[in-house]
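Architecture at a glance
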Amino acid sequence: VGGERRELGLLVAVGGRVLTANGNGINKAVITLTNQDGVARRVITNAFGHYRFDDVAAGQTYVLSVGSKRYIFANPSLVVSPTDDALDLNFMALP
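Residues numbered from 1 in each chain as written. Predicted model: local features only at pLDDT ≥ 70, side-chain atom pairs only at ≥ 80, totals over all residues. Heavy atoms only, no water.

1. Regarding the pairing of strand 3 (residues 40–44)
Bridge analysis of strand 2 (residues 30–34) against strand 3 gives five bridges, and the strand direction is antiparallel. Each bridged residue has a counterpart across the sheet, and for T34 the counterpart in strand 3 is A40. Taken together, strand 2 and the strand that follows it, strand 3, pair antiparallel across an intervening segment of five residues, in which G38 is found at a positive phi of about 85°. (Pairing = 2+ DSSP bridges. Helix = DSSP H or I, 4+ residues; strand = E, 2+ residues; numbered from the N terminus.)

Put into structure tokens, the structure is as follows:
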């Protein structure tokens, strides 16, 4: 069923990078994707700061947020309503 929903365009991928002020990837940052019902999914960035959520329902509104023990972010949350894959949702840490 999941594959069929993906083919129909009802599911998308959401992702991006978490970066230091100089553009280096931040390892082990926690990214949370929360839907309108308050249901949260979490992933941890890889060594290059990349993160990705697959099988996200298209057309819904989500809050995407970042957390890190070592870094502070000027904009730690984004509101997104993806209708297609959105893989350029980046977070930049303060210097």
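2. Regarding the packing of aromatic side chains
Under the defined criterion, the tally for this structure stands at two aromatic pairs. Ring geometry for Y51 and F53: centres 6.3 Å apart, planes at 70°, overall edge-to-face. Of the two residues, Y51 and F53, neither departs from the other in class, the shared state being buried. Every member of this aromatic cluster is reached through a ring pair, and the members are Y51, F53 and F91. (Phe/Tyr/Trp six-rings, centres within 6.5 Å; stacked < 30°, edge-to-face > 60°. Buried < 20%, exposed > 50% of the residue type's maximum accessible area, 1.4 Å probe, protein only.)

3. Let's talk about the sheet that holds strand 2
Here we have four strands laid out as an open sheet, ordered 3-2-5-6, and antiparallel in their pairing. Since the sheet does not close on itself, it has two edges, and those belong to strand 3 and strand 6 (77–80), each with one partner. With direction set aside, neighbouring strand axes in the sheet form an average angle of 20°. Sheet analysis places strand 2 next to strand 5 (residues 62–67), joined by five bridges and oriented antiparallel. The residue bridging V30 from the neighbouring strand is G67, located in strand 5. (Axes fitted to C-alpha atoms, helices over the stretch in contact; angles between N-to-C directions.)

4. Quick notes on the layout of surface pockets
Roughly 160 Å³ of volume is contained in the largest pocket. In terms of lining residues, the largest pocket is bounded by G25, I26, N27, K28, A29, V30, G67, S68, K69, R70 and Y71. Here the residues of the lining of the largest pocket are counted per class, giving four nonpolar, four polar and three charged. (1 Å grid on protein atoms, 1.4 Å probe; cavity = no way out; pocket = protein on both sides within 12 Å on 5 of 7 lines; lining within 4 Å. Points joined across faces, edges and corners; volume = space filled by probe spheres on them. Nonpolar A, V, L, I, M, F, W, Y, C, P; charged D, E, K, R; others polar.)

5. Describing unusual backbone geometry
Positive phi, close to 65°, is recorded for K28, a residue that is not glycine. Looking at where K28 falls in the secondary structure, it is placed in the loop between strand 1 (11–19) and strand 2. When its relative accessible area of 62% is taken as the criterion, K28 is described as exposed. Phi at D55 is positive, roughly 55°, even though this residue is not glycine.

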